[in-house]
Amino acid sequence: MHFEPSAEDRVFRDELRAWLAANWPEDWARVRGRFASQDEQFAFLRQWQRRLRDAGWVGLQWPREYGGRGATIMQQAIFYEETARARAPELPNVIGLDMAGPALIAHGTDAQKRAHLPKILSAEEIFCQGFSEPDAGSDLAALQTRAVRDGDHLVVNGQKVWTTYAQYAEWCILLARTDPAAPRHRGLTFLLVDMRSPGLSVRPLRQISGEPEFNEMFFDNVRVPLENVVGRVHGGWEVAITTLMFERGPRTISRQLHLRHAIDAALEMARRIERGGAPAASDPVIRQRLAQLVIDGEALRFSNLRALTRMLRGEPPGPEGSAAKLFWSEAVQRVLELMLEIEGPHAMLAQGSARAIEDGFWQLRFLRSRGDTIAAGTSEINRNILGERVLGLPKD
Ligand SMILES: Cc1cc2nc3c(=O)[nH]c(=O)nc-3n(C[C@H](O)[C@H](O)[C@H](O)COP(=O)(O)OP(=O)(O)OC[C@H]3O[C@@H](n4cnc5c(N)ncnc54)[C@H](O)[C@@H]3O)c2cc1C
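Residues numbered from 1 in each chain as written. Predicted model: local features only at pLDDT ≥ 70, side-chain atom pairs only at ≥ 80, totals over all residues. Heavy atoms only, no water.

> What's the story with the overall build of the chain in this structure? I'm lost.
A tally of helices and strands in the chain yields 12 helices and 10 strands. For 396 residues, the compact-globule formula gives about 21 Å, and the C-alpha radius of gyration of the chain, at 22 Å, lands near that figure. By its C-alpha atoms, the chain is 75 × 50 × 50 Å across when sized along the principal axes. For the chain, the residues scored as buried account for 48% of the 396 residues in total. Residue pairs in contact within the chain that sit at least 24 positions apart in sequence constitute 71% of those at least 6 positions apart. When the accessible surface of the chain is totalled, it reaches about 19,200 Å², and 54% of it is carbon and sulfur. Charge-centre separation for the chain: the mean point of 50 positive side chains lies 2 Å from the mean point of 51 negative side chains. (Helix = DSSP H or I, 4+ residues; strand = E, 2+ residues; numbered from the N terminus. Rg over C-alpha atoms; globule rule 2.2 N^0.38 Å. Buried < 20%, exposed > 50% of the residue type's maximum accessible area, 1.4 Å probe, protein only. Contact = heavy atoms within 4.5 Å. Areas by Shrake-Rupley, 256 points an atom, 1.4 Å probe, with all protein chains shown as cover. Lys, Arg positive; Asp, Glu negative; His and termini not counted. Charge placed at Lys NZ, Arg CZ, Asp CG, Glu CD.)

> Is there a simple way to think about the pattern of salt bridges in this case?
Where charged atoms from two side chains of opposite charge approach closely, those side chains can pair. According to the stated counting rule, one finds 30 salt bridges in the structure shown. Its salt-bridge partner being Lys160, residue Glu133 comes within 2.9 Å of it at the nearest N-O pair. Note that Glu133 is positioned in the loop between strand S1 (127–130) and strand S2 (146–150) and Lys160 in strand S3 (residues 153–161), a separation of 27 residues in sequence. Here the two residues Glu133 and Lys160 agree in accessibility, since each one is buried. The partner of Arg272 in a salt bridge is Glu268, with the nearest N and O atoms 3.0 Å apart. On the criterion of helical spacing, the pair formed by Arg272 and Glu268 is a turn pair, its members being four residues apart in helix H8 (residues 252–272). Here the salt bridges do not stand alone but share partners, grouping Arg13, Arg17, Glu81, Glu82 and Arg85 into one network. (Salt bridge = Lys/Arg side-chain N within 4 Å of Asp/Glu carboxyl O.)

> Would you take a moment to explain the site of the ligand for this structure?
The environment of the ligand is made up of 18 residues, and the closest members are Ser138, Trp162, Thr164, Thr378 and Glu380. Here an oxygen atom of the ligand sits 2.6 Å away from a polar atom, N or O, in the side chain of Ser138. Between the ligand and Thr164 there is a distance of 2.7 Å, counted from a nitrogen atom to a side-chain nitrogen or oxygen. With the chains in place, 69% of the 980 Å² that the ligand exposes on its own is no longer accessible. Tallied by class, residues from the shell around the ligand come to six nonpolar, nine polar and three charged. When residues are assigned to domains, the shell around the ligand turns out to be shared by domain 2 (127–236) and domain 3 (248–389), each giving three or more. (Near = heavy atom within 4 Å. Polar contact = N/O pair within 3.5 Å; in protein donor to acceptor, adjacent residues only side chain to side chain. Nonpolar A, V, L, I, M, F, W, Y, C, P; charged D, E, K, R; others polar. Domains from an automatic or database assignment.)

> For this particular structure, what's the right way to read the domain arrangement of the chain?
Quoted interface sizes are often the accessible area lost when the parts come together. Domain boundaries in the chain define domain 1 (7–92), domain 2 (127–236) and domain 3 (248–389). Look at where the C-alpha atoms of domain 1 and domain 2 centre, and you get two points 29 Å apart. Summing both sides of the interface, domain 1 and domain 2 together bury roughly 520 Å²; the carbon and sulfur share of this comes to 46%. On the domain 1 side of the interface with domain 2, the three residues burying the most area are Gln38, Phe42 and Arg46, jointly 86% of the side's total. There are one salt bridge connecting domain 1 and domain 2. For Arg46, the salt bridge goes to Glu170, with nearest N and O atoms at 3.0 Å. (Buried area = accessible area lost by both parts, 1.4 Å probe.)

> Can you help me understand a nonpolar patch on the surface in this one?
Where nonpolar side chains cluster on the molecular surface, the patch consists of Val390, Leu391 and Leu393 and spans about 310 Å² of accessible area. Secondary-structure assignment places Leu393 in the segment after helix H12 (379–389). (Patch = residues over 30% accessible without salt bridge, like charges linked within 9 Å, V, L, I, M, F, W, Y side chains within 5 Å.)

> Can you help me understand the pairing of S3 in this one?
Where S2 and S3 come together, five bridges link them in antiparallel fashion. Note that in S3 the partner of Ala147 across the bridge is Val156. If you look at the hairpin formed by S2 and S3, you'll find two residues sitting between the two strands, and Gly151 has a positive phi there, around 65 degrees. Strand direction decides the pairing type here: S3 and strand S7 (residues 214–225), joined by eight bridges, are antiparallel. Each residue of the ladder has a partner; that of Gly158, found in S7, is Phe219. (Pairing = 2+ DSSP bridges.)

The following block contains the structure:
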């Protein structure tokens, strides 16, 4: 595959670079540090997304009639590359942009698209994803939350868990069982649920990093109008699969750059921090591990380019999405483990301690990275997919 950008792509890249340089959010360094609460950070990120939307940088591949830009996959990839390179803040409406929006574009009614797509872009409607339950995660089709027809409504009862940013969300994409007699994948329905609905409650869960990023959600006779069904009643599995495919879309490209940033930080730390009177980088074992990480970063870059090639050819995502997710999440953990080893006893000091290196930033990242090998498909599940689809091993 030939990756030389076209003249149009070069103009797009230059414009974006110039915009990011001129609109850099000065306050970001303070907000992302420990002096701002998660609530303050989230409010900041909403404003940041709105600024990008106003300048036409959000919803790049979405149709123009719903507020998108009608751009190409390559331009979307350039956007992820440039924002990662500039270390720009992430957009907060990830579920809206990567899951709910694409699901509505593929399966929604015109009224649903008009009502939600522009507000997803402007971050007026943050979406959360109500799929996982206490007894249904990797095996999503085991979910038990029920939705029962009552006139022109569905009445929802049940519990969801690990719902990222439900405490900030205006809407939820919910997968519920509408036909318990049907085979597991056939009796599910995909719903848009207003988070202000009576009977819906959210209880934050504190993660190992100390932040309540995800939540439990309880549904007690929550009434959802039938017009909020996306696709067919009982046809929710197809819609859910669309969302999961987009979870492995062009955004994965930016992961390799975030990994590279962490590797660069590890290299810099190894040169700066001394062990036994010499920089850690002079220790042959540490040097070897750093070199391996740089090789890993490059391997992921090439793997992402292979995935991008498939997307540009219009082919469906292949198993390289699973390989890249597995490899990225485990590589990030390896980098962070090495950084804490380089920090030595300082690694035990938490954020806020006067002697913590870089105010304990890498300790927090290390703790948060444990979730990366669980969310969006655990390492074991991704290994099963690779075993079956690439190596042709018998089914799990
Ligand atoms: C940071 C974070 C954010 C999340 N955000 C959301 C969200 O917004 N919305 C949402 O719906 N969910 C969310 N999740 C949930 C996530 O999708 C699930 O945690 C994940 O699918 C795993 O499900 P589980 O936790 O029920 O574990 P289980 O599926 O119960 O798995 C437990 C263990 O068994 C292993 N295992 C399971 N099945 C197999 C098998 N067949 N072969 C081998 N090993 C197996 C797993 O790998 C794991 O180690 C989030 C999770 C995290 C960590």
